[in-house]
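Structural description and commentary
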Amino acid sequence: MKNFLTILDAESEELEEIINLAAALKKERFTSVRTPLAGKSIALIFEKSSTRTRVSFEVGVKELGGHPLFLSKGDMQLGRGEPIKDTARVLSRYVQGITLRTYEHSRLLELADYSTVPVINALTDTHHPCQIMADVLTFYERFGKFKGVKVAYIGDGNNIAHSWANAAARFGFNLAIASPAECAPSRDILNSAMDEAKKSGGRIEYTTDAKGAASNADVITTDVWASMGQEAEAERKKSFLEPFQVNRALMAIAAPHAIFMHCLPAHIGEEVTEDIFESEASAVFDEAENRLHVQKAIMSKLFL
Ligand code: CP
Ligand code: NVA
């Protein structure tokens, strides 16, 4: 694994190792110190807003003994039009790893092509692999297994849905994505995930039937109806997505022990009701915490 741009960049065994390492790092966070990033500097480039990703990467690099450099687009020449390929070649002379949060996934691919140091995807319009690794750790902590778990993603067919599909392909769990046809996930991404899933035994289905997807699920998850950069489409998408709200009626269709997950930030009253978000079943803050542990594990493997 040279880079971590999508979950499919790593094999199933490597991903399971990352989850196990993340669990170990979580357990020993305040009792022992591991410093694989000692003497290393990591550039964290953000072209979009962030709370969790920014803070968990900054704290994570520091806890691994390294030096995090938070670089927002507005403060970089990148924001004044310096090409991403030049940014990649310049930063590669200074730092030992780069993370990028950006819009088009092709920008991340270009950065990775021109970097001589490993690159991690901190969210693009198409994928959010670090988030879904944290989500996999979160349900693994609850259920103790990957295979046999049913995850239902209900809502916009966005970057989060795509990364869930890739995770199901590699970890071999069952995933049902329910989205309106107007907001369906990418057919190409679903097809390649379904193809990859043959190796792990994971089942991935796409449906427009939210209730069918939620039926007997162990995990019900959703995301905002308008992602960063889609603000202009928010009203139009809302009309399609309203029937895909996660609420008490939908949770009642899931397994009795089902948990609710959301990558955050959430829009309460849109994709999820407040009672579900605040319920005992809600694992959203564990997910947020697990970003730290899983990213520390990914960086320990990648930024050598
Ligand atoms: N879930 C997530 O990536 O949150 P931020 O946008 O706050 O980083
Ligand atoms: N789908 C959301 C996720 C935010 C963490 C977005 O891209 O804005």
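Before any of the text, the structure's been laid out above.
All of these numbers come straight from a predicted model, not from anything done at the bench.

The next point concerns the site of ligand 1. Lining the immediate surroundings of ligand 1 are Ser50, Thr51, Arg52, Thr53, Arg101, His128, Gln131, Cys263, Leu264 and Arg291. Taking His128, its side chain carries an N or O atom lying 2.8 Å from an oxygen atom of ligand 1. Here a nitrogen atom of ligand 1 and a backbone polar atom of Cys263 are 2.9 Å apart. Expressed as a share of its isolated accessible area of 260 Å², the protein-covered part of ligand 1 is 95%. Along the lines of polarity and charge, the residues of the shell around ligand 1 split into two nonpolar, five polar and three charged.

Turning next to the sheet that holds strand S5 (residues 150-154). What the five strands build is an open sheet, ordered S7-S6-S5-S8-S9; its pairing is parallel. With partners counted over all chains shown, the strands left at the sheet margins are strand S7 (203-207) and strand S9 (259-262), one partner each. Strand-to-strand, the axes of this sheet are offset by a mean angle of 20°, without reference to chain direction. As paired strands, S5 and strand S6 (residues 174-178) are joined by five bridges and run parallel to one another.

Another point: the site of ligand 2. All residues in the neighbourhood of ligand 2 are listed as Leu123, Asn158, Asn159, Asp223, Ser227, Met228, Cys263 and Leu264. Separating a nitrogen atom of ligand 2 from a side-chain N or O atom of Asn158 is a distance of 3.4 Å. Take Asp223: an N or O atom from its side chain is 2.6 Å from a nitrogen atom of ligand 2. Relative to its unbound accessible surface of 270 Å², ligand 2 loses 93% to contact with the protein. More than half of the atoms belonging to ligand 2 lie within 2 Å of the grid points that define the largest pocket.

With that out of the way, let us pick up the packing of helix H1 (residues 12-27) against helix H12 (residues 284-302). When two helices pack together, their arrangement is given by the angle between their axes and by how far apart the axes lie. It is at 8 Å that the axes of H1 and H12 come closest, and there the two elements cross at 120°. It follows that H1 is oblique to H12 by the angle criterion. H12 is crossed by H1, and the crossing has right-handed handedness. Taken together, the residues of H12 that come into contact with H1 (itself represented by Glu17, Ile18, Ile19, Leu21, Ala22, Leu25 and Lys26) are Glu289, Asn290, His293, Val294, Lys296, Ala297, Ile298, Ser300 and Lys301. Of the residues assigned to the contact of H1 with H12, the class counts are eight nonpolar, three polar and five charged.

The next thing to look at is the nonpolar core. Judged by nonpolar contacts, the single largest core of 55 residues is most densely connected at Met133, Phe139, Phe173 and Leu175. Per-element tally for this core: the top contributor is helix H6 (residues 159-171), with eight residues. Non-local contacts of Met133, meaning those with residues more than four positions away in its chain, are made with Phe4, Ile7, Leu15, Ile18, Ile19, Phe171, Val294 and Ile298. Core analysis: the second largest hydrophobic core is formed by 24 residues, Ile154, Cys183, Ala213 and Val246 among them.

Closest axis-to-axis distance for the H1/helix H5 (residues 129-143) pair is 10 Å, and the angle between their directions is 70°. One way to sum up the angle between H1 and H5 is to call them roughly perpendicular. Where H1 crosses over H5, the handedness of that crossing is right-handed. Residues Leu15, Ile18, Ile19, Asn20, Ala22, Ala23 and Lys26 of H1 pack against Met133, Val136, Leu137, Tyr140 and Glu141 of H5. Here the contact of H1 with H5 is built from residues that sort into nine nonpolar, one polar and two charged.

Quick look at the sheet that holds strand S1 (residues 41-46) now. Strand-to-strand pairing in sheets goes through backbone hydrogen bonds, with the strands running parallel or antiparallel. Judged by pairing direction, the sheet is parallel, and its four strands sit side by side in the order S2-S1-S3-S4 without closing on themselves. Looking at the sheet topology across the chains shown, the edges are occupied by strand S2 (67-72) and strand S4 (119-121). Taking the axes of each pair of neighbouring strands and ignoring which way they run, one obtains an average angle of 20° across the sheet. Pairing of S1 with strand S3 (residues 97-101) involves five bridges; the strand directions are parallel. Paired with Phe46 across the bridge in S3 is Arg101. Each of S1, S2 and S3 is contacted by helix H3 (residues 84-91), which is oriented at about 160° to S1, the strand it contacts most. Those strands touched by helix H4 (residues 105-114) are S3 and S4, and its axis lies near 165° from that of S4.

About the criteria used
- Residues numbered from 1 in each chain as written.
- Chains lettered and ligands numbered in written order.
- Predicted model: local features only at pLDDT ≥ 70, side-chain atom pairs only at ≥ 80, totals over all residues.
- Heavy atoms only, no water.
- Near = heavy atom within 4 Å.
- Polar contact = N/O pair within 3.5 Å; in protein donor to acceptor, adjacent residues only side chain to side chain.
- Areas by Shrake-Rupley, 256 points an atom, 1.4 Å probe, with all protein chains shown as cover.
- Nonpolar A, V, L, I, M, F, W, Y, C, P; charged D, E, K, R; others polar.
- Pairing = 2+ DSSP bridges.
- Helix = DSSP H or I, 4+ residues; strand = E, 2+ residues; numbered from the N terminus.
- Axes fitted to C-alpha atoms, helices over the stretch in contact; angles between N-to-C directions.
- 1 Å grid on protein atoms, 1.4 Å probe; cavity = no way out; pocket = protein on both sides within 12 Å on 5 of 7 lines; lining within 4 Å.
- Sits in = over half its atoms within 2 Å of the grid points.
- Parallel < 35°, antiparallel > 145°, perpendicular 65-115°, else oblique.
- Left-handed = near helix turned anticlockwise from the far one by under 90°.
- Contact = heavy atoms within 4.5 Å.
- Core = buried A, V, L, I, M, F, W, Y, C linked by side-chain atoms within 4.5 Å.
- Buried < 20%, exposed > 50% of the residue type's maximum accessible area, 1.4 Å probe, protein only.

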